[in-house]
Amino acid sequence: MLDKLNSLFKRKKIIDVDEKIKKTNGQNEQLIFKIDFSSQKPELPEIEDQTKLDFRYGVIIPFAYIHLSWDDVHNEIVYGVEEPILDVHEKEILNTLEQGVQELIDISFVNVDQKEVLIEYLEKNIRILLKELGIELNRNSYLKLMYYIYRDFIGMNKIEPLMNDQYIEDIECNGIKTPLYIVHRKFGNIRTNIVYDDFDELTGFVEKLSQKCGKYISYANPIMDGRLPDGSRVNATYTEDVTSKGPTFSIRMFTREAWSPVKLMQVGTVSAEILAYLWIAVEHGTNILVVGGTGSGKTTIINCIASFIKPEARIVSIEDTKEIRLMHENWLPSVARSGTGVGGENIGEITLFDLLKASFRQRPDYVIVGEIRGQEANVLFQGMASGHSGLSTMHADDVKTVIRRLETPPINLSPSLVEILDIVCLVSYAKVKNRDARKVRAIQEIIKVSGSGEAEVNTPFQWDPRRNIFMFKRDSVVFNKIVQKKGITFDELQKEFEIRRSLLNFIYKKGIIEFEDVQSIINQYYKNKNTVLKRFGLI
Ligand SMILES: Nc1ncnc2c1ncn2[C@@H]1O[C@H](COP(=O)(O)OP(=O)(O)OP(=O)(O)O)[C@@H](O)[C@H]1O
Ligand SMILES: [Mg+2]
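Residues numbered from 1 in each chain as written. Chains lettered and ligands numbered in written order. Predicted model: local features only at pLDDT ≥ 70, side-chain atom pairs only at ≥ 80, totals over all residues. Heavy atoms only, no water.

The next thing to look at is the overall build of the protein chain. Counting secondary structure elements, the protein chain contains 18 helices and 18 strands. In terms of overall dimensions, the protein chain is globule-like: its C-alpha atoms have a radius of gyration of 27 Å, near the 24 Å expected for 539 residues. Expressed along its principal axes, the backbone C-alpha trace of the protein chain runs to roughly 85 × 55 × 50 Å. Counting over 539 residues, the protein chain shows a buried share of 51%. Sequence-distant contacts, at least 24 apart, represent 58% of the contacts inside the protein chain between residues at least 6 apart. Approximately 26300 Å² of the protein chain is accessible, and the part contributed by carbon and sulfur atoms is 48%. (Helix = DSSP H or I, 4+ residues; strand = E, 2+ residues; numbered from the N terminus. Rg over C-alpha atoms; globule rule 2.2 N^0.38 Å. Buried < 20%, exposed > 50% of the residue type's maximum accessible area, 1.4 Å probe, protein only. Contact = heavy atoms within 4.5 Å. Areas by Shrake-Rupley, 256 points an atom, 1.4 Å probe, with all protein chains shown as cover.)

Written as structure tokens, this is what we have:
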């Protein structure tokens, strides 16, 4: 069989996608490999006792399923990927076919983003390959092999089933001979049954991952930050000297829909009061920093807050990887890019710092910086001091740490510049009735920052973990600032706050949750408040 393959390789039959599809037109009825991409997110059962968990759902139907179950040995939930089982003979044929595909087919077709077109192309070529090699397969074996070829060439190999699971937030691989972990939307951090045993296999996969992100990873450049075509964020390392267990990768899966403010209310992360407060704050150009740990939901919150910005406002957003999603027409999104070059040169590099400096020339009403870590924070605060409004996130646990990080290298802000910040919104993971939840733990308003770096704060909202409620103190420094600056009375502002709170509660009760729908109500409210209030029977 290999001889035959070798002689085929010599002929190097490179097949062009369009040509091939044209040539085989009319033979489509023979194509039987189909994947159901239309499937909705499955409903997971509500389970009181996790040790009874035993549930399957399809992710690449009808080929790959996820089995969530309780592992009595380790006393934890495990995430099992179930795929078709191949016998020895089928495995051999799969190897031969995969070599054939690698050598014969124009892999650049992988850039075509319509999966159906790719599958058709692949299946037609596999048929040619099988014929040329004289391999006969029964329908069942054929479909199983097609699945693996699809998975390994069009998909993301072993983790392709995970990439299709809408319940996954993160996928983490910490090296060889150790199971991959995922963060499951319902069950949190859990172990999977996927392990890379082979160093070369994992290295090859990390290279493929980088290629898919349009990046290059190598011994000279062993760390990669990128973004997959579907928007998922990727970090990877390449060599053992960087990470002890060999190459690693982590993928933050792209959430298809931006989360609306009402969705955040629904999952209990915020209250209607918090949202009404933030809405008023943003309308009046308040500077807000969302602060929390890794994966605590900072970007999701900043996106939600940004949806409250007036629909006609000029917004500029600046990020390392594009995560912010808005519907504002006058929004200019920009993304930093890493440079290429050897010996420390970074030709073509455009940093957050560069973008931010340029952004202020575009006279934005609001500047959104995905995350501040270094020098760019300095530019953002200068910009805020000169009258532009700013929204950003920072990795920290409390206001004290935020201020310390802002005032020490590499950021080095003076206390008076730190005072430009109006609101710090603290988010964190929490346990509510033994379940993982994300909470806006507190909203703090900066009153004053002393020369020694101590901040005086007011805390209008605080989450009470014991009772799982958001405590609300009707005293806001930010509202007072708005009253002074905008000539509105405190009572008027308070009334507006109550109206918006009722409106948000009402929208929630009506089940209007989707980002677009909520955004459209916010926009209408700005344009014609009374029509909206009448529509919801609030006046
Ligand atoms: N309030 C929430 N409840 C449940 N899941 C959430 C919530 N907020 C965010 N998520 C999910 O958690 C994941 C991480 O969210 P997000 O990117 O907003 O966090 P982050 O703090 O910005 O992370 P990072 O530190 O990596 O920048 C996403 O998959 C998102 O859909
Ligand atoms: Mg983030």
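Moving on, we get to the packing of aromatic side chains. Per the counting criterion, the structure on display carries 20 aromatic pairs. One aromatic cluster is present, formed by Tyr277, Phe461, Phe472, Phe479, Phe490 and Phe497 through successive ring pairs. The ring of Trp279 carries Arg500 above its face, with NZ or CZ at 4.7 Å from the centroid. (Phe/Tyr/Trp six-rings, centres within 6.5 Å; stacked < 30°, edge-to-face > 60°. Lys NZ or Arg CZ within 6 Å of the ring centre and 35° of its normal.)

Another aspect to go through is the site of ligand 1. Around ligand 1 sit 18 residues, and of these Arg233, Thr269, Lys298, Thr299 and Thr300 come closest. Within the side chain of Arg233, one N or O atom sits 2.7 Å away from an oxygen atom of ligand 1. Contacts to ligand 1 include Gly297, whose backbone N or O atom sits 3.0 Å from an oxygen atom. For ligand 1, whose unbound accessible area comes to 630 Å², protein coverage reaches 92%. Broken down by element, the residue count for the shell around ligand 1 peaks at three residues, all from helix 10 (residues 298–306). Of the residues that constitute the shell around ligand 1, the class distribution is three nonpolar, nine polar and six charged. (Near = heavy atom within 4 Å. Polar contact = N/O pair within 3.5 Å; in protein donor to acceptor, adjacent residues only side chain to side chain. Nonpolar A, V, L, I, M, F, W, Y, C, P; charged D, E, K, R; others polar.)

Here the focus is unusual backbone geometry. Of note, the amide linkage connecting Ile61 to Pro62 takes the cis form, showing an omega dihedral of 10 degrees. Secondary-structure assignment places Pro62 in the loop between strand 1 (54–60) and strand 2 (64–71). Cis geometry is adopted by the peptide bond preceding Pro410, which originates at Pro409 and carries an omega value of 5 degrees. Tracing the sequence through the fold places Pro410 in the loop between helix 13 (399–407) and helix 14 (415–418).

Turning our attention to the nonpolar core. With 71 residues, the main nonpolar core has Tyr79, Ile159, Ile171, Phe249 and Ile251 as its most contacted residues. When neighbours within four sequence positions are excluded, Ile159 is seen to be in contact with Ile171, Leu180, Tyr196, Phe205, Phe249 and Ile251. Counting 59 residues, the second-largest nonpolar core is a separate cluster that includes Leu264, Ile274, Ala281 and Leu533. (Core = buried A, V, L, I, M, F, W, Y, C linked by side-chain atoms within 4.5 Å.)

Of all five residues in strand 10 (residues 288–292), five are buried; the element is thus mostly enclosed. Side-chain alternation along strand 10 places Ile288, Val290 and Gly292 on one buried face and Leu289 and Val291 on a second face that is also buried. In the sheet, strand 10 pairs with strand 14 (residues 389–395) via five bridges, with the strands oriented parallel. Opposite Gly292, over in strand 14, you have His395 as the bridge partner. Here five bridges tie strand 10 to strand 15 (residues 423–432), and the two strands are oriented parallel to one another. Residue pairing across strands places Val291 opposite Leu426, the latter belonging to strand 15. (Pairing = 2+ DSSP bridges.)

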